[in-house]
Structures are given as structure tokens and as C-alpha cells.
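Letter by letter, the chains look like this.
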Amino acid sequence: EPEVTQTPSHQVTQMGQEVILRCVPISNHLYFYWYRQILGQKVEFLVSFYNNEISEKSEIFDDQFSVERPDGSNFTLKIRSTKLEDSAMYFCASSGLGTEHTGELFFGEGSRLTVL
Amino acid sequence: AQRVTQPEKLLSVFKGAPVELKCNYSYSGSPELFWYVQYSRQRLQLLLRHISRESIKGFTADLNKGETSFHLKKPFAQEEDSAMYYCALSVDTDKLIFGTGTRLQVFP
């Protein structure tokens, strides 16, 4: 069964460094998302991406963040100048097969980011 | 404002007991609601959606627009139901708004 894959599973970085989290969505899905979950808190929407552009972003997703689909398979989240409060589990998700966008999201296992 | 509330952080029951995980939502549009589940060391996955009105693994959830609720129920809990359960509201089919989650513990 196809799955969303994320790398790395865990990244430790120094405050102020740039981080790129990578995701390979399910092939033929058209909608891509990043969510994050700070330890002990709820899963929060960051950004959705469709047709090679951001379709919606939350107030969390400020200029520090960017997303890109550099080729036909990867979907990346870049966090510039990381802060301590960026430490969280970041989930990638994808959905939709053509017009069959049912609202069901398929999640990756997450990338845990620890900022020291 | 769009919001999903799950009032219980932890729900502990014994095997065979009924389970109800509460979820209330706030949304001015026509809501589309989901329950997602995360078993230990597994990814977040869809359990059920209100549109399909189906029972999955014995779980059901009915959308009550009057009470703005979408509680998840199962008449007889099993140990393998132990997991984190998230209620989620789909907004414009473009994003999900999650509740804070309820951890269900089913004791033997």
C-alpha cells in the first residue's frame, strides 16, 4: 500500500540554523500539507499546497517557513533561522486523486525537529 | 472561529466496557468531520468520516448539528483500541483542524 514517507525521522539543529524536511507524497496525489505537533499539544495546520502553489497557510507559517516541490516527487518544508520553539514533530500529508478529493489525508510518520 | 474541542485528555476503561470519546466543533459553514487515530508507534490515520456513516472497527460517530458534536462511540472496547484519537474538522477541503486528542486506554 502506498505511503507518505518523510526524512529525516529526527533532526537536531542549533538555534539559527536552517532546516529542510523532506516528504515524498503518495504518487498521483495532488494536495500536499505540512502539520506540526509541539510536544503535548495538538496537531496544527501549517500550509496546504496544490497545483504548485500554496493554497492556504496558517498564521504560524510566517516568512521563516517555505515549501517547495522541486521535482515530481518531493515536497519540502524549509525552516530558516530556527528557534527553540520550532522544536516539534512535523507531519507531511497528501490527499486527492484527481477529482476524488475526499478530505481524507494520508500522513507520514513525521520528522522530529529538536532545536538546541 | 473554527475550533474542535475534545474535553478529555485521557479516557480509561476496562475491556468490554462502552466507550464514548467526546468532540464538539465550532464552524459557521457546513461541517465535514473526521476521526483520526494514532496507534502506538504508527502514523496518524483516518478512522472514519461522518459523510460515510459507516462503522469501522466497531466505532461509530454521528454528527449532531444541534449540539455541534461528533462523539465517537464503541459499545465494547478492546485492548487493541488503545490509541490516541483526534477529532478533526475539514475546512474548505483544504485543511484539517484537529482537536487536542484523547488518549484511550483499555485495560484487560
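**Some remarks on the overall build of chain B**
Okay, so step 1: Along the backbone of chain B there are zero helices and 11 strands.
Okay, so step 2: Start at the N end of chain B and walk to the C end: the helices and strands fall as β-β-β-β-β-β-β-β-β-β-β.
Okay, so step 3: Compactness check: chain B gives a C-alpha radius of gyration of 13 Å against a globular reference of 13 Å for 108 residues, within 12% of the reference.
Okay, so step 4: Overall size of chain B, expressed as C-alpha extent along the three principal axes, is 40 × 30 × 25 Å.
Okay, so step 5: Every one of the 108 residues in chain B was classed for burial, and the buried ones make up 50%.
Okay, so step 6: Taking all contacts inside chain B whose residues are at least 6 apart in sequence as the whole, residues at least 24 apart take part in 57%.
Okay, so step 7: Of the roughly 5400 Å² of accessible surface on chain B, a fraction of 49% belongs to carbon and sulfur atoms.
Okay, so step 8: Once the 14 positive and 11 negative side-chain charges of chain B are each reduced to a mean point, those two points are 4 Å apart.

**Things to note about the state of the cysteines**
Okay, so step 1: Inspection of every chain in the model, using the stated rule, returns two disulfides over all chains.
Okay, so step 2: Put simply, Cys23 of chain A and Cys92 of chain A are joined by a disulfide, and their sulfur atoms are 1.9 Å apart. Taking the torsion about the S-S bond as the criterion, the Cys23 of chain A to Cys92 of chain A disulfide, at about -65°, is left-handed. Here Cys92 of chain A lies in strand 9 (residues 88-97) and Cys23 of chain A lies in strand 3 (residues 19-24), a separation of 69 residues in the sequence.
Okay, so step 3: Its relative accessible area of 0% is what places Cys92 of chain A among the buried residues.
Okay, so step 4: A disulfide bridge connects Cys23 of chain B with Cys87 of chain B, and the sulfur atoms are separated by 2.0 Å. When the S-S torsion is -65°, as for the bridge of Cys23 of chain B with Cys87 of chain B, the disulfide is left-handed.

**Topic: the nonpolar core**
Residues and elements named next belong to chain B.
Okay, so step 1: Ranked by internal contacts, the top residues of the largest apolar core, which has 27 residues, are Trp35, Leu47, Leu48, Phe70, Leu72 and Tyr85.
Okay, so step 2: Of all elements in the fold, only strand 2 (10-14), strand 3 (19-21), strand 5 (32-38), strand 6 (45-49), strand 9 (83-91) and strand 11 (102-107) reach the threshold of two or more residues within this core.
Okay, so step 3: Of all the elements, strand 9 adds the most residues to this core, at five residues.
Okay, so step 4: When residues no more than four places from it in sequence are discounted, the contact partners of Tyr85 are Gln6, Leu21, Trp35, Tyr36, Val37, Tyr39, Leu47, Phe59, Leu72, Gly101, Thr102 and Leu104.

**A few points about the pattern of salt bridges**
Okay, so step 1: For the structure on display, the rule yields eight salt bridges over all chains.
Okay, so step 2: For Glu3 of chain A, the salt bridge identified is with Arg43 of chain B, shortest N-O distance 3.5 Å. Taken together, the positions of Glu3 of chain A in the segment before strand 1 (5-7) and Arg43 of chain B in the loop between strand 5 and strand 6 put the pair across two chains.
Okay, so step 3: Classification of Glu3 of chain A as partly exposed rests on a relative accessible area of 48%.
Okay, so step 4: Note that Asp81 of chain B is salt-bridged to Lys74 of chain B, the shortest N-O span being 2.8 Å.
Okay, so step 5: With relative accessibility at 3%, the residue Asp81 of chain B sits in the buried group.
Okay, so step 6: Among the ionic contacts, a cluster of salt bridges with common partners joins Glu3 and Glu109 of chain A together with Arg43 of chain B.

**Brief notes about the interface of chain A and chain B**
Okay, so step 1: Listed as interface residues are 21 residues of chain A and, on the opposing side, 16 residues of chain B.
Okay, so step 2: At the boundary of chain A with chain B, total buried surface from both sides reaches about 1800 Å², with 47% on carbon and sulfur atoms.
Okay, so step 3: The tally of links from chain A across to chain B stands at four salt bridges.
Okay, so step 4: Put simply, Glu56 of chain A and Lys95 of chain B hold a salt bridge, and the shortest N to O gap is 3.1 Å.

Conventions we followed
- Residues numbered from 1 in each chain as written.
- Chains lettered and ligands numbered in written order.
- Predicted model: local features only at pLDDT ≥ 70, side-chain atom pairs only at ≥ 80, totals over all residues.
- Heavy atoms only, no water.
- Helix = DSSP H or I, 4+ residues; strand = E, 2+ residues; numbered from the N terminus.
- Rg over C-alpha atoms; globule rule 2.2 N^0.38 Å.
- Buried < 20%, exposed > 50% of the residue type's maximum accessible area, 1.4 Å probe, protein only.
- Contact = heavy atoms within 4.5 Å.
- Areas by Shrake-Rupley, 256 points an atom, 1.4 Å probe, with all protein chains shown as cover.
- Lys, Arg positive; Asp, Glu negative; His and termini not counted.
- Charge placed at Lys NZ, Arg CZ, Asp CG, Glu CD.
- Disulfide = S-S within 2.5 Å.
- Core = buried A, V, L, I, M, F, W, Y, C linked by side-chain atoms within 4.5 Å.
- Salt bridge = Lys/Arg side-chain N within 4 Å of Asp/Glu carboxyl O.
- Buried area = accessible area lost by both parts, 1.4 Å probe.

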